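# Working through the structure, step by step
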Amino acid sequence: MIPTGPVSLKPLVKPESPSEPLQDRSAQTLPKRYYLGVDPGAYGGWSLVDGQLNLIAVGHLPRIEKATTSLKVDGALLQSQWLMINDCYTIAHAFVEAVNSRPRQAGAFQFGVNTGTIHGLCYGLGIPLTLVGPTAWKGFAKIKRYDDDSKRDVKSEARQRCMTWFPDQAHLFRRNMDDAVAEATLIALYGVSKLRGR
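Residues numbered from 1 in each chain as written. Predicted model: local features only at pLDDT ≥ 70, side-chain atom pairs only at ≥ 80, totals over all residues. Heavy atoms only, no water.

Right, let's get into the pairing of strand β3 (residues 55–60). Strand residues, when the strand is regular, have side chains that alternate between the two faces of the sheet. Within β3, five of the six residues are buried, which leaves it mostly tucked inside the rest of the structure. Here strand β2 (residues 45–50) folds back onto β3, and the loop between the two strands holds four residues, one of which, L53, carries a positive phi near 65°. (Buried < 20%, exposed > 50% of the residue type's maximum accessible area, 1.4 Å probe, protein only. Helix = DSSP H or I, 4+ residues; strand = E, 2+ residues; numbered from the N terminus. Pairing = 2+ DSSP bridges.)

Before going further, it helps to examine the side chain of T185. Inspection of the secondary structure assignment puts T185 in helix α5 (residues 179–195). One polar contact links the side chain of T185 to the main-chain carbonyl oxygen of V181, over a distance of 2.8 Å. Here T185 is in contact with S47, L55, V58, C162, F166 and F173, once residues within four sequence places are set aside. (Polar contact = N/O pair within 3.5 Å; in protein donor to acceptor, adjacent residues only side chain to side chain. Contact = heavy atoms within 4.5 Å.)

Here we come to the pattern of salt bridges. Tallied over the full model, the rule gives three salt bridges. A salt bridge links E157 to R161, with the shortest nitrogen-to-oxygen separation between them at 3.0 Å. Highlighted residues: E157 and R161, both in helix α4 (residues 151–165), separated by four residues, approximately one helical turn. We classify E157 as partly exposed; its relative accessible area is 23%. With relative accessibility at 7%, the residue R161 sits in the buried group. Two residues, D178 and R175, come together in a salt bridge whose shortest N-O distance is 2.9 Å. The partly exposed category is assigned to R175, whose relative accessible area is 44%. (Salt bridge = Lys/Arg side-chain N within 4 Å of Asp/Glu carboxyl O.)

Okay, the environment of G191 next. Turning to its location among the elements, G191 is positioned in helix α5. With 55 residues separating them in the primary sequence, G191 and A136 have C-alpha atoms 9.6 Å apart.

The subject of this paragraph is the sheet that holds strand β1 (residues 34–39). Read from one edge of the open sheet, five strands run β3-β2-β1-β6-β7, paired in mixed fashion. Only two strands of the sheet have a single partner each, and these edge strands are β3 and β7 (129–132). Neighbour-to-neighbour, the strand axes of the sheet open up by a mean angle of 20°, direction not taken into account. Inspection of the sheet shows β1 paired to strand β6 (residues 91–97) by five bridges, in the parallel sense. By the bridge assignment, L36 is partnered in β6 with A94. Lying on the sheet, helix α1 (residues 75–88) is in contact with β1, β2, β3 and β6; it crosses β2 at an angle near 10°. (Axes fitted to C-alpha atoms, helices over the stretch in contact; angles between N-to-C directions.)

The subject of this paragraph is the packing of α1 against helix α2 (residues 108–124). Angle between the axes and distance between the axes: these two values describe a pair of packed helices. Between α1 and α2, the shortest axis-to-axis distance is 11 Å and the interhelical angle comes to 40°. Every pair of crossing elements has a handedness; the one defined by α1 and α2 is right-handed. Note on element contacts: α2 touches α1 through T117, I118, L121 and C122, opposite G75, L78, Q79 and W82. Looking at the contact of α1 with α2, its residues break down into five nonpolar, three polar and no charged. (Left-handed = near helix turned anticlockwise from the far one by under 90°. Nonpolar A, V, L, I, M, F, W, Y, C, P; charged D, E, K, R; others polar.)

In terms of nonpolar packing, the biggest core is built from 27 residues, with V49, L55, W137, W165, F173, L186 and L189 touching the most fellow members. A per-element tally of this core places α5 first, with eight residues. Judged by nonpolar contacts, the second largest core, of 22 residues, contains Y34, L61, A94 and V96. (Core = buried A, V, L, I, M, F, W, Y, C linked by side-chain atoms within 4.5 Å.)

Scanning the model with the defined rule gives three aromatic pairs in all. Summarising the aromatic geometry, the rings of Y34 and Y89 are spaced 4.9 Å apart at their centres and angled 55° between planes, so their arrangement reads as tilted. Highlighted residues: Y34 in strand β1 and Y89 in the loop between α1 and β6, separated in sequence by 55 residues. Using a relative accessible area of 13% as the deciding quantity, one classes Y34 as buried. Residue classification places Y89 among the buried residues on the basis of a relative accessible area of 6%. Seen from their ring centres, F140 and W165 are 5.9 Å apart, and the 80° between their planes marks the pair as edge-to-face. (Phe/Tyr/Trp six-rings, centres within 6.5 Å; stacked < 30°, edge-to-face > 60°.)

See the structure below:
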């Protein structure tokens, strides 16, 4: 969604337990700046938070869909969305998941192109970019993958974590297709927590 105003939440910090909501500790907050988290890929998403870890907006990456090709991120439409966001909330930094495709994985080339589109937009808009490994942000959110867990189980856990931490915005993460915006939110929260030295 394109933001029309900030979501009203208390200043937040990482909880001690995944089942606990984020707690109010205003003294440990950053100046009023905005941070973008991105889960790249054709089914990816983005999330905008501020230095107090308030959730500002989330969205899915727009796609160009063609029956004969892999799904492709619509770079022009995404640029217009991020330009609009940047006009409302100047983005101080972007945290993008560092991903690698497996050899011979279907759509690996297009996946790389999509990821490059995200990086290029950040550089073109003058937004500093930091890559975040999956292990790092999942560790922050205390998401663990057990032997009997599927990839879908892990993605569902990301949505559950966001619904717990942002109960007033739980509707943003309820659908299975919202796993990407949930992961993007956790990536953004991890990035800000590192800036705050936590």
